[in-house]
Amino acid sequence: MKTKVMKLGTIAAATLVMTAGFVFLFAQKTPAQGTELLVVVSDGMKPPVEELVPQIEHATGRKLTVQYNSSKNIRDKIQSGEPFDVAILTTDILDDLIKQGKIAAGSRAEIARTGMGVGVRAGAAKPDVSTPDALKRALVSAKFISFNPSGASAPHIYNIFEHLGIADSVKPKLMLDPEAGRPQMNVADGKADLVITLIPEIKFFKGVELAGPVPADLQSYISFGAGVASNTKSADAGKALIKYITSPAATPVLKSKALEPR
């Protein structure tokens, strides 16, 4: 009888240890399921966000998973129901998503703005694009001109062609590619002579160099802002991210990436 009691005690103790072990493992796993913050970022904000990720993770206490794309493509994904916690997008699309109830209005914040530029293959001769006439000559002389038709700068690029009176003459030489980074790659690979897009997307893209910004008379600035998903379970962490990227601590990085903090 004594031996039987001892065996039962041993089994009970083993069961307790196993149960405690499962509880410990579950306790370790549960918080991890909600630690990552999913952030969707417009291509124009990619250079500074990539550099700021470690600081943001430290400030928020959360690991970041960042997805980059054009603001329009990100909007389409959000509208189709793809999950996210924080969005960093052009302000026009950000405001549109707020109206749709996809992003919490109270979380909206302005981050920075940037202008458009003209890029060439690294090491190639840089054409003069400093004046409207100079830019016109460069565009007319180019064999192929690449840009993203779904990018934030696309409508402004078409306006430049119209303003310069070369819309029809450059149309056959346009190399339009909606895939993020492909317009720059077309130039880096020698398939196109020029790429027109936001300045940060040229200056910090390997294999491409900035010939110069679009002349002041033709320049259009694209503004970026951030907001927290209306249905996120990580609203506080999302707000902490936005607070950091709009703080003075992030200003030097934004400026170094050709963005003007707002």
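Check the entry above for the structure.
Owing to the predicted nature of the structure, the values given are computational and were not obtained by experimental measurement. (Residues numbered from 1 in each chain as written. Predicted model: local features only at pLDDT ≥ 70, side-chain atom pairs only at ≥ 80, totals over all residues. Heavy atoms only, no water.)

Undergrad: If you had to explain the packing of helix α3 (residues 71-79) against helix α4 (residues 91-99) to someone new, which residues and values would you point to?
TA: Two elements in contact, α3 and α4, have axes separated by 10 Å at closest approach and are oriented at 15°. Regarding the angle of α3 to α4, the classification is roughly parallel. Crossing hand, α3 versus α4: right-handed. Residue-level inspection shows Ser71, Lys72, Arg75, Ile78 and Gln79 of α3 in contact with α4, the latter providing Ile93, Asp96 and Leu97. (Axes fitted to C-alpha atoms, helices over the stretch in contact; angles between N-to-C directions. Helix = DSSP H or I, 4+ residues; strand = E, 2+ residues; numbered from the N terminus. Parallel < 35°, antiparallel > 145°, perpendicular 65-115°, else oblique. Left-handed = near helix turned anticlockwise from the far one by under 90°. Contact = heavy atoms within 4.5 Å.)

Undergrad: An account of empty space enclosed by the protein is requested, with residue identities and associated values reported.
TA: Vacant regions in the atomic arrangement are exposed by a probe of water-molecule size rolled over the atoms. Inspection of the entire model under this criterion finds two cavities of 30 Å³ or more. Considered as a void within the structure, the largest cavity measures approximately 150 Å³ in volume. Contributing to the lining of the largest cavity are 15 residues, with Asn148, Gly151, Ala152, Thr197 and Glu201 lying nearest its centre. Of the residues assigned to the lining of the largest cavity, the class counts are three nonpolar, 10 polar and two charged. Considering only enclosed or pocket space, the second largest cavity measures out at about 30 Å³ in volume. The set of elements that each furnish at least two residues to the lining of the second largest cavity consists of α2 (46-60) and α10 (235-245). For the lining of the second largest cavity, the per-class residue count stands at seven nonpolar, no polar and no charged. (1 Å grid on protein atoms, 1.4 Å probe; cavity = no way out; pocket = protein on both sides within 12 Å on 5 of 7 lines; lining within 4 Å. Points joined across faces, edges and corners; volume = space filled by probe spheres on them. Nonpolar A, V, L, I, M, F, W, Y, C, P; charged D, E, K, R; others polar.)

Undergrad: Kindly report on the environment of Ile202, identifying the contributing residues and their values.
TA: Mapped onto the fold, Ile202 is located in helix α9 (residues 199-203). Exposure remark for Ile202: the relative accessible area of 0% places this residue in the buried category. For Ile202 and Gly117, which are 85 residues apart along the polypeptide, the C-alpha to C-alpha distance reads 7.5 Å. Look past the residues within four positions of Ile202 in its chain and what remains in contact with it is Gly117, Val118, Gly119, Val195, Thr197, Val208, Glu209 and Leu210. (Buried < 20%, exposed > 50% of the residue type's maximum accessible area, 1.4 Å probe, protein only.)

Undergrad: Summarise the nonpolar core; cite the residues concerned and give the values.
TA: Formed by 50 residues in total, the largest nonpolar core has its most connected members in Met45, Ile88, Leu139, Phe161 and Leu241. Beyond its immediate sequence surroundings of up to four residues, Met45 is in contact with Ile88, Ile111, Phe224, Ile245, Leu254 and Leu259. Residues Val40, Ile74, Ile78 and Leu97 belong to the second largest nonpolar core, which totals 12 residues. (Core = buried A, V, L, I, M, F, W, Y, C linked by side-chain atoms within 4.5 Å.)

Undergrad: Lay out α3 in plain terms, naming residues and giving numbers.
TA: For α3, the set of buried residues is Ser71, Ile74 and Ile78. Each buried residue of α3 sits inside an arc of 60° when the element is viewed along its axis, so together they form one side. The inward-facing, buried residues of α3 contact β1 (36-42), β2 (63-69), β3 (86-90) and α4. In the stretch just after α3, Gly81 is the one whose phi turns positive, near 105°. (Arc of directions from axis to C-beta.)

Undergrad: Give me the lowdown on the pairing of β3, citing residues and values where you can.
TA: Counting buried positions along β3 yields five of five residues, so the element is predominantly enclosed. Pairing of β1 with β3 involves three bridges; the strand directions are parallel. Bridge pairing links Val39 to Val86 in β3. Here β3 runs beside strand β10 (residues 222-228); their pairing, made up of five bridges, is antiparallel. Across the sheet, residue Leu89 finds its bridge partner in β10, namely Gly225. (Pairing = 2+ DSSP bridges.)

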